[in-house]
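Residue strings, one per chain:
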Amino acid sequence: MKKKKVLDNIRAARLAHVKWVDRARRLVDGGKITEHEIPVEATSCDFGHWFYSDGQVLLAIFSAASVKKLEYKHKELHTTYMKIFKIYFDTSDQSFFEKLFNKRKKISERDRMDAHEELAYLEGISEELIAYLNIFEKNLNSIEEKDFEKLY
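Below or above, wherever it landed, is the structure these notes cover. (Residues numbered from 1 in each chain as written. Predicted model: local features only at pLDDT ≥ 70, side-chain atom pairs only at ≥ 80, totals over all residues. Heavy atoms only, no water.)

### Focus on the overall build of the chain
In terms of regular secondary structure, the chain is built from 7 helices and 0 strands. Helices (α) and strands (β) of the chain occur, in sequence order from the N terminus, as α-α-α-α-α-α-α. Across the chain, the fraction of contacts at a sequence separation of at least 24, relative to all contacts at a separation of at least 6, is 76%. Total accessible area on the chain stands at roughly 8,700 Å², and carbon and sulfur atoms take up 53% of it. (Helix = DSSP H or I, 4+ residues; strand = E, 2+ residues; numbered from the N terminus. Contact = heavy atoms within 4.5 Å. Areas by Shrake-Rupley, 256 points an atom, 1.4 Å probe, with all protein chains shown as cover.)

Put into structure tokens, the structure is as follows:
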């Protein structure tokens, strides 16, 4: 894989992540979510698809510890998002899609405050995840193409 392709993939993953966080914000702000925007496992979202496939090239270039930090932040993000989702949707005794589309709960002021607190935490995690991606991108930009080809 060429360095430009790796950089393009990092940028696309960052954009997918930003859109995902925007959907979480929209949920907390009272907006509707559609079927393709349902909370998903870390391996199922667009960022996760990239990370667990083409994103694994990062392991050939950077330390495993630094790539693990990115993975941890991504999983932490999904865990936090599920807390938000459970505030807004009844998750008991129905199929997942029935829960999603038919069981939006009435939200108390306390629930709304809890959701905003979780969202603030999620946004902090997001900033860290983006910072890791920015570091990867910056370091990749500093590697000459011929040297990159030797790494990967």
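### Re the nonpolar core
Membership of the largest hydrophobic core comes to 38 residues, with the highest contact counts inside it found for Phe47, Trp50, Leu70, Tyr88, Leu122 and Leu140. Among the elements of the structure, helix H1 (3-28), helix H2 (46-51), helix H3 (58-61), helix H4 (64-88) and helix H6 (109-141) are those that each provide at least two residues to this core. The greatest single-element share of this core, amounting to 9 residues, is contributed by H1. Other than its neighbours up to four places away in sequence, Phe47 contacts Ala13, Ala16, His17, Leu70, His74, Leu129 and Leu133. (Core = buried A, V, L, I, M, F, W, Y, C linked by side-chain atoms within 4.5 Å. Buried < 20%, exposed > 50% of the residue type's maximum accessible area, 1.4 Å probe, protein only.)

### A look at the packing of aromatic side chains
Each aromatic ring pair is specified by the distance between its two centres and by the angle formed by the two planes. Under the defined criterion, the tally for this structure stands at 6 aromatic pairs. With 4.6 Å between their ring centres and 40° between their planes, Phe62 and Phe136 make a pair best called tilted. Within this pair, whereas Phe62 is found in the loop between H3 and H4, its partner Phe136 is found in helix H6, the two being separated by 74 residues in sequence. Phe62 sits in the buried class, given a relative accessible area of 13%. Overall, the relative accessible area of 4% leaves Phe136 in the buried class. Among the aromatic residues, those joined into a cluster by ring pairs are Phe47, Trp50, Phe51 and Tyr52. (Phe/Tyr/Trp six-rings, centres within 6.5 Å; stacked < 30°, edge-to-face > 60°.)

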